[in-house]
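Inside the fold
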Amino acid sequence: MIAVITGDIINSQHADTEVWITRLKNLLENWGSSPLAWEIYRGDEFQLKCKIDDVFWHFLAIKSLIKSQENLDVRIAIGIGEENFSSEKITESNGTAYVNSGRLLNDLKNDGHTVAIKTTNDTVDRDLNILLKWSSKDFDNWTMATAEIIHEMIMKKDITQEDLAKKFAISQSSVSQRLKRANYDLIVETNQYFKKKISEL
């Protein structure tokens with residue numbers, strides 16, 4: 001069983017493509033090589049294959065990266081399932097994980113939400129999608145400054161508030177305030193809950 005993230009950049013036509021696409025490519029390269037593990041296609045859509053345990057953290061890493069850039073956001077559909085055919089290009093691979101993710105992205109474009117999950121279990125889907133709808137009320141309203149801090153925390157597990165203060169040339173108390181506003185401790189708990197629910201599949 002694998003996870004497939006299919007996403008698209010919201011407001012991409014109003015931003016400098018070279019900037020966000022370069023940053024997104026650099027992020028995705030942390031998790032595998034293109035086009036086998038990830039690919040950006042049709043200008044502002046992308047797909048990533050990963051382990052199911054990593055999917056919530058990867059989603060947040062992408063979300064925080066894109067939200068740290070002015071006027072941009074991202075829609076993300078998480079599909080959990082099987083991979084029945086693995087191609088040299090992820091966009092040509094197939095299986096329930098890919099189908100669930102691809103169809104779900106189309107649904108998201110129609111219903112106005114920015115993240116959802118589709119697994120092989122309707123009960124797990126219900127529980128996790130309620131959680132995602134609530135948490136997205138926070139994620140969707142991150143400021144650029146908050147998103148930058150969250151992204152660093154996600155990507156560098158051992159980074160300290162002192163390190164962050166130096167990197168962004170702000171006080172440690174400002175770092176602490178941003179993390180509190182973003183409910184970072186709750187984000188960590190949510191990741192653990194996500195892993196537990198998905199392990200029940």
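Thresholds, definitions, all that
Residues numbered from 1 in each chain as written. Predicted model: local features only at pLDDT ≥ 70, side-chain atom pairs only at ≥ 80, totals over all residues. Heavy atoms only, no water. Buried < 20%, exposed > 50% of the residue type's maximum accessible area, 1.4 Å probe, protein only. Helix = DSSP H or I, 4+ residues; strand = E, 2+ residues; numbered from the N terminus. Pairing = 2+ DSSP bridges. UniProt positions renumbered as here; feature names shortened; annotations may be inferred. Salt bridge = Lys/Arg side-chain N within 4 Å of Asp/Glu carboxyl O. Expected span 1.5 Å × (residues − 1). Polar contact = N/O pair within 3.5 Å; in protein donor to acceptor, adjacent residues only side chain to side chain. Core = buried A, V, L, I, M, F, W, Y, C linked by side-chain atoms within 4.5 Å. Contact = heavy atoms within 4.5 Å. Right-handed = clockwise from strand over helix to strand, strands pointing away. Axes fitted to C-alpha atoms, helices over the stretch in contact; angles between N-to-C directions.

All right, on to the pairing of strand 3 (residues 45-50) then. Burial analysis of strand 3 places six of its six residues in the buried class, which makes it a mostly covered element. Because side chains alternate across strand 3, one face comprises the buried residues Glu-45, Gln-47 and Lys-49, and the other comprises Phe-46, Leu-48 and Cys-50, equally buried. In terms of strand pairing, strand 2 (residues 38-41) meets strand 3 through four bridges, oriented antiparallel. Looking across to strand 3, one finds that Trp-38 is bridged to Leu-48. Taking the residues between adjacent antiparallel strands as the criterion, strand 2 and strand 3 are bridged by three residues, where Arg-42 takes a positive phi near 50 degrees.

All right, on to the UniProt feature "domain: HTH cro/C1-type" (unreviewed entry) in the chain then. According to UniProt, the feature "domain: HTH cro/C1-type" (unreviewed entry) maps to residues 150-177 in the numbering used here. Within residues 150-177, the helical portion is 71% and the strand portion 0%, while the C-alpha atoms at the span's ends are 12 Å from each other.

Turning to the pattern of salt bridges, a few remarks are in order. Oppositely charged side chains are able to pair whenever their charged atoms sit close together. Tallying each qualifying case throughout the model produces 15 salt bridges. Glu-45 is the partner of Arg-42 in a salt bridge, and the nearest nitrogen-oxygen pair spans 2.9 Å. Owing to a relative accessible area of 67%, Arg-42 belongs among the exposed residues under this scheme. In this structure, the salt-bridge partner of Asp-127 is Arg-126, at a minimum N-O distance of 3.1 Å. Here the salt bridges share partners, and the residues they tie into one network are Arg-126, Asp-127, Lys-196, Lys-197 and Glu-200.

What follows is about helix 4 (residues 122-139). Across its 18 residues, helix 4 extends 24 Å between first and last C-alpha, which sits within 8% of the 26 Å expected from 1.5 Å per residue. Those residues of helix 4 not exposed but buried are Val-124, Asp-125, Asp-127, Leu-128, Asn-129, Leu-132, Ser-135, Ser-136 and Phe-139. The N-terminus of helix 4 is capped by Asn-121, whose side-chain oxygen sits 2.8 Å from the backbone nitrogen of Thr-123.

This brings us to the nonpolar core. Within the largest apolar cluster, 52 residues are counted, with the highest numbers of intra-cluster contacts made by Phe-59 and Ile-62. Setting aside its immediate chain neighbours within four residues, Phe-59 contacts Ile-5, Ile-76, Ile-78, Val-115, Leu-132 and Phe-139.

Let's shift gears to the pairing of strand 5 (residues 115-118). As judged from the four bridges shared by strand 4 (residues 73-81) and strand 5, these two strands associate in the parallel manner. Bridge pairing in strand 5 places Ala-77 opposite Ala-116. Running through helix 3 (residues 96-111), the crossover from strand 4 to the neighbouring parallel element strand 5 is left-handed.

With that settled, consider the sheet that holds strand 2. Within the open sheet, the five strands sit side by side as 2-3-1-4-5. Their pairing is mixed. Two strands close off the open sheet at either side, each with one partner strand: strand 2 and strand 5. Across the sheet, the axes of successive neighbouring strands diverge by a mean angle of 15 degrees, strand direction being ignored. Alignment of strand 1 (residues 2-10) against strand 3, held across six bridges, turns out to be antiparallel. Bridge pairing links Thr-6 to Gln-47 in strand 3. With respect to the sheet, helix 1 (residues 17-28) is in contact with strand 1, strand 2 and strand 3, its orientation differing from that of strand 2 by roughly 165 degrees.

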